[in-house]
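Okay, here's what each chain looks like letter by letter:
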Amino acid sequence: MSGKLRTNIFSGLEQIVEKDYSLSEKTWFGLGGKAEFFIQPQTVEQLADVVRRCSENNISLRVLGYGSNLLIRDEGVKGVVIKLDGEEFCKVEQKEHSIIAGAGADLSKLVLDCVRKGLGGIESLAGIPGSIGGAVRMNAGGNFGDFGSAVESVTLMDNEGKVFEKSKPELSFDYRQTNITAKIILAAKLKMIEADPQQLLRSVKEVWIYKKNTQPLNMKSAGCVFKNPRGMSAGAMIDRSGLKGSKIGGASVSEKHANFIVAEKGCKSSDVITLIDLIKKKVKDKFDVSLELEIEIW
Ligand SMILES: Cc1cc2nc3c(=O)[nH]c(=O)nc-3n(C[C@H](O)[C@H](O)[C@H](O)COP(=O)(O)OP(=O)(O)OC[C@H]3O[C@@H](n4cnc5c(N)ncnc54)[C@H](O)[C@@H]3O)c2cc1C
């Protein structure tokens, strides 16, 4: 299909559709090319319309959260990238001990709001950047707990634009993954527990200090690049393969945490990808373990 014909697919939606939109600034790595179509729906109806048009015309559709777990290739992304940053998608409501948070809401802000209100359940997520949608999709978490433990149900949208709910126990979470197959997460309902705000704040500080001491938080990255193989630490294996500080172009293996790749000025996505391949090869040679990506490459 020609470029003009593809553009016509979104006719009438010009206010929310941008063509050839640079994605680099929408990610924590700050790298990568353009999205063929970057769409910011303002309502669920608009979103459903976009989703239906993509399905009908066989256009690939991706949802971008805050881009903290993503590497966008230098060539960019063909098809549609949706960002749910309209007001309707970022609402947070409290109903007694439950919180319903829109997919576009900020996880770190929600963690702090809950601490202030004396609502426990997600304080272990302190210091993890990203949106609620991204935290659900990735089951964000770490040594101190994960997001899925607090999620009671999620609101989703299917490829026809139909909105539906999925609740536990039908909904399940595992290490950095869920059994959600729907493309779009609209919101999550969280079960919170009444707790002492001071105690919650102490827990948050503990997590912050741990992260600050162990991760290169002031550099451009996408967090841990690889998943930990069962019972093993990817970071320790990368370190023991002698890769800390290894550099390709503007990408290097962090000296602080070997499972982080950090991007310096002038870095290209291709530098990060070449470094990822090098790490995989060295770890495979030394430990006979095939590392799996935790970050997504688009
Ligand atoms: C400094 C740093 C530290 C980090 N520390 C941790 C950590 O301790 N633990 C941890 O788990 N992660 C960590 N991460 C990774 C990242 O913060 C999490 O994976 C986060 O949950 C990603 O959220 P996001 O909104 O940025 O998602 P994105 O990176 O934008 O997207 C990630 C995935 O989620 C999907 N997605 C996002 N929103 C939606 C939606 N509404 N509907 C459907 N799919 C959606 C995307 O399509 C993509 O597949 C860290 C990252 C950085 C940069």
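Residues numbered from 1 in each chain as written. Predicted model: local features only at pLDDT ≥ 70, side-chain atom pairs only at ≥ 80, totals over all residues. Heavy atoms only, no water.

Draft legend 1. Molecular detail of the sheet that holds strand 19 (residues 261–263). Taking strand neighbours across the sheet as the criterion, the 3 strands line up as 17-18-19 in an open arrangement whose pairing is antiparallel. A strand with exactly one partner marks an edge of an open sheet, and here the two such strands are strand 17 (247–248) and strand 19. Pairing of strand 17 with strand 18 (residues 251–253) involves 2 bridges; the strand directions are antiparallel. Bridging from a neighbouring strand, Lys-247 pairs with Ser-252 of strand 18. Relative to strand 18, helix 7 (residues 269–287) is tilted by about 30 degrees, and along the sheet it contacts strand 17, strand 18 and strand 19. (Pairing = 2+ DSSP bridges. Helix = DSSP H or I, 4+ residues; strand = E, 2+ residues; numbered from the N terminus. Contact = heavy atoms within 4.5 Å. Axes fitted to C-alpha atoms, helices over the stretch in contact; angles between N-to-C directions.)

Draft legend 2. Structural detail: the site of the ligand. Close contacts around the ligand come from 34 residues, with Val-63, Ser-68, Ser-131, Lys-211 and Glu-296 the closest. Its free accessible area being 960 Å², the ligand has 95% of it covered by the protein chains. The biggest single contributor to the shell around the ligand is helix 4 (residues 132–138), with 5 residues. Its residues assigned to classes, the shell around the ligand shows 17 nonpolar, 12 polar and 5 charged. When residues of the shell around the ligand are assigned to domains, at least three map to each of domain 1 (3–83) and domain 2 (90–213). (Near = heavy atom within 4 Å. Areas by Shrake-Rupley, 256 points an atom, 1.4 Å probe, with all protein chains shown as cover. Nonpolar A, V, L, I, M, F, W, Y, C, P; charged D, E, K, R; others polar. Domains from an automatic or database assignment.)

Draft legend 3. Region of the structure containing the layout of surface pockets. In this structure, the second largest pocket encloses a volume near 240 Å³. As for the second largest pocket, its lining consists of Asp-174, Tyr-175, Gln-177, Lys-227, Asn-228, Pro-229, Arg-230, Ser-290 and Glu-292. For the lining of the second largest pocket, the class distribution of residues is 2 nonpolar, 3 polar and 4 charged. (1 Å grid on protein atoms, 1.4 Å probe; cavity = no way out; pocket = protein on both sides within 12 Å on 5 of 7 lines; lining within 4 Å. Points joined across faces, edges and corners; volume = space filled by probe spheres on them.)

Draft legend 4. Region of interest: the pairing of strand 5 (residues 77–83). Buried residues dominate strand 5, accounting for 6 of its 7 residues. Here strand 2 (residues 34–39) pairs with strand 5 via 4 bridges, running parallel. Across the sheet, Phe-38 pairs through a bridge with Val-81, a residue of strand 5. Where strand 3 (residues 61–64) lies against strand 5, 4 bridges are found, and the strand directions are parallel. For Val-63, the partnering residue across the bridge sits in strand 5 and is Ile-82. (Buried < 20%, exposed > 50% of the residue type's maximum accessible area, 1.4 Å probe, protein only.)

Draft legend 5. Representation of the domain arrangement of the chain in the model. Parsing the chain into structural domains produces domain 1 (3–83), domain 2 (90–213) and domain 3 (234–297). Here domain 1 and domain 3 have C-alpha centroids that lie 29 Å from each other. Listed as interface residues are 9 residues of domain 1 and, on the opposing side, 12 residues of domain 3. In this assembly, domain 1 packs against domain 3 so that about 980 Å² is buried in total across both faces, 60% of it on carbon and sulfur atoms. Of all residues in domain 1, Phe-29, Asn-69 and Leu-71 bury the most surface against domain 3, accounting for 54% of the area lost on that side. Across the contact surface, domain 1 and domain 3 share 7 residue pairs in polar contact (both at pLDDT 80 or more). Taken together, the residues of the side of domain 1 that touches domain 3 break down into 5 nonpolar, 2 polar and 2 charged. (Buried area = accessible area lost by both parts, 1.4 Å probe. Polar contact = N/O pair within 3.5 Å; in protein donor to acceptor, adjacent residues only side chain to side chain.)

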